[in-house]
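What the coordinates show
For reference, the chains in residue letters:
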Amino acid sequence: MGAVAGRPEQVVRRLRDGMAHGVLSFPLTSFRADGSLDVDGFRAYVAGQLAAGPGALFPACGTGEFFSLDEEEYRQVVTAAVEEAGGRVPVVAGVGYGWAQAVRFARVAEEAGADALLVLPHYLVAAPQDGLVAQVEAIAGRTELPLVVYQRGQVAYTAGSLARIARIPGVIGLKDGHSDLDRLQRLTLAAPDGFLFFNGAATAEIQARAYATVGVPAYSSAVHAFAPEIADAFFAALQDRDQGTVDKLLRDFYVPFVELRDRASGYAVSLVKAAARLRGLPVGPVRAPLTDPCAADLADLGALLDAGLGLVGASR
């Protein structure tokens, strides 16, 4: 099909505008205690995320446990996000697995009214560069929505491959989760003018200054998912070049949070969700194969959350 004429440019413009004034929100997906989808809880949670003024909304991605959603649940999540956003910010929905499954989710996202798609790393196998490019071509050729590709895990593009991907109609950007700044600099130099880049490192604030030095100032914020006050204060300090505040937030909140996150596999999502629950947000538990944090880690998380909020004059 190919992208609708003018649509990629319009989405790029809206994303670029949003990235300039706020972090990118990757909302958690709300589940009930029995593991079923809680759409009403998700709507209430997303409304709170939007009230904090993010640059864009990325539902049903990694932080939103895309891997645990069936197609009908995915439809409800993306539809709710689009309706809550009401056109105020772009909505970029996650798709993934192999290209055929990604296309199925892409069609659901189109019907739900999403503005664009984030192509998550494909499932399981390592692949050569030609295959990585072909995967993107297969998805882009079967959806009307613009694509942002995500390199992480087994997906890592060379500069030559990125140049090829950037020429595919409808591909508008790349999110990087490898934090290899040498490689990333080569990618930014290989991309055409106007191509979007996003810092998608886990707890991206830790590396936000380093990413900006290679031309990638925009970033997703897991902290925004549970403490937008902290995330927004950090973003504002970066924008204002207030290095003292940046250093203080890094030293007294973000670095300890990363150290806590690294205690167990899956904490990049489950710890974030636990922090949201500590604030009374209606997100519920994680789904298998993730597990909720142990009691000792929850206690440490609560103390760190209170300390972080205190740094920016907020409280639970």
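What counts as what
Residues numbered from 1 in each chain as written. Predicted model: local features only at pLDDT ≥ 70, side-chain atom pairs only at ≥ 80, totals over all residues. Heavy atoms only, no water. Buried < 20%, exposed > 50% of the residue type's maximum accessible area, 1.4 Å probe, protein only. Helix = DSSP H or I, 4+ residues; strand = E, 2+ residues; numbered from the N terminus. Contact = heavy atoms within 4.5 Å. Pairing = 2+ DSSP bridges. Axes fitted to C-alpha atoms, helices over the stretch in contact; angles between N-to-C directions. Right-handed = clockwise from strand over helix to strand, strands pointing away. 1 Å grid on protein atoms, 1.4 Å probe; cavity = no way out; pocket = protein on both sides within 12 Å on 5 of 7 lines; lining within 4 Å. Points joined across faces, edges and corners; volume = space filled by probe spheres on them. Nonpolar A, V, L, I, M, F, W, Y, C, P; charged D, E, K, R; others polar. Polar contact = N/O pair within 3.5 Å; in protein donor to acceptor, adjacent residues only side chain to side chain. Core = buried A, V, L, I, M, F, W, Y, C linked by side-chain atoms within 4.5 Å. Salt bridge = Lys/Arg side-chain N within 4 Å of Asp/Glu carboxyl O.

Take helix α6 (residues 159-166) next. Buried within α6 we find Ser161, Leu162, Ala163, Ile165 and Ala166. Summarising the contacts, the buried residues of α6 are in contact with α5 (129-140), β5 (147-151), β6 (171-176), α7 (181-190) and β7 (196-199).

A sheet is described by the order of its strands in space; here 5 strands give the open sequence β3-β4-β5-β6-β7, paired in parallel fashion. Of all strands in the sheet, those with a lone pairing partner are β3 (92-95) and β7, marking the two edges. Across the sheet, the mean angle from the axis of one strand to that of its neighbour is 25°, orientation sign disregarded. Most of the contacts of α5 go to β5, to which it runs at about 155°, and overall it touches β4 (116-119), β5 and β6.

In β4, alternate side chains face the same way, and those of Ala116 and Leu118 on one face and Leu117 and Val119 on the other are all buried. Here 4 bridges tie β3 to β4, and the two strands are oriented parallel to one another. Within β4, the position partnered with Ala93 by the bridge is Leu117. Each parallel crossover has a hand, and the one from β3 via helix α4 (residues 99-112) to β4 is right-handed. Here β4 pairs with β5 via 3 bridges, running parallel. Bridge pairing in β5 places Leu117 opposite Leu147. The handedness of the β4 to β5 crossover, carried by α5, is right-handed.

Here we come to empty space enclosed by the protein. Summed over all chains, the structure comprises 1 cavity of 30 Å³ or more. What the largest cavity holds in volume is close to 70 Å³. Forming the boundary of the largest cavity are Val119, Leu120, Pro121, His122, Leu132, Gln135, Val136, Tyr150, Val155 and Tyr157. Looking at the lining of the largest cavity, the element that brings in the most residues is α5, giving 3 residues. Grouping the constituent residues of the lining of the largest cavity by class yields 8 nonpolar, 2 polar and no charged.

With that settled, the discussion passes to the side chain of His122. Note that His122 resides in the loop between β4 and α5. With a relative accessible area of 10%, His122 lands in the buried category. Polar contacts involving the side chain of His122 include one to the main-chain carbonyl oxygen of Val125, which spans 2.5 Å. Setting aside anything within four residues of it in sequence, one finds His122 in contact with Tyr97, Ala127, Leu132, Gln135, Gln154 and Val155.

Once that is clear, we can look at the nonpolar core. Formed by 109 residues in total, the largest nonpolar core has its most connected members in Tyr74, Leu118, Val171, Phe197, Phe226 and Tyr254. Apart from residues no more than four positions distant in its own chain, Val171 is found in contact with Val136, Ala140, Leu147, Val149, Ile165, Ala166 and Phe195.

This next bit is on the pattern of salt bridges. Under the definition given, this model contains 19 salt bridges. For the salt bridge of Arg43 with Glu83, the shortest nitrogen-to-oxygen distance reads 2.4 Å. In this pair, Arg43 sits in helix α2 (residues 39-51) while Glu83 sits in helix α3 (residues 71-85), placing the two residues 40 residues apart along the sequence. Residue Glu73 pairs with Arg287 through a salt bridge whose shortest N-O separation is 2.7 Å. With Glu73 in helix α3 and Arg287 in the loop between α11 (267-278) and α12 (295-311), the pair connects residues that are 214 residues apart, well separated along the chain. Given the relative accessible area of 13%, Glu73 is considered buried. A relative accessible area of 14% places Arg287 in the buried class.

Attention now goes to the layout of surface pockets. For the largest pocket, the calculated volume is near 740 Å³. Gly62, Thr63, Leu120, Tyr150 and Arg152 are, among the 29 residues lining the largest pocket, the residues nearest its centre. Per-class residue counts for the lining of the largest pocket are 15 nonpolar, 11 polar and 3 charged. Empty space within the second largest pocket amounts to approximately 510 Å³. Every residue lining the second largest pocket is counted, 25 residues in all, and those nearest its centre are Ala212, Gly215, Pro217, Ala218 and Gln239. Where the lining of the second largest pocket is concerned, the elements lending two or more residues are α1 (7-21), β7, α8 (208-213), α9 (228-239) and α10 (243-261). For the lining of the second largest pocket, the element with the most residues is α9, which contributes 4 residues. Its residues placed into classes, the lining of the second largest pocket shows 16 nonpolar, 5 polar and 4 charged.

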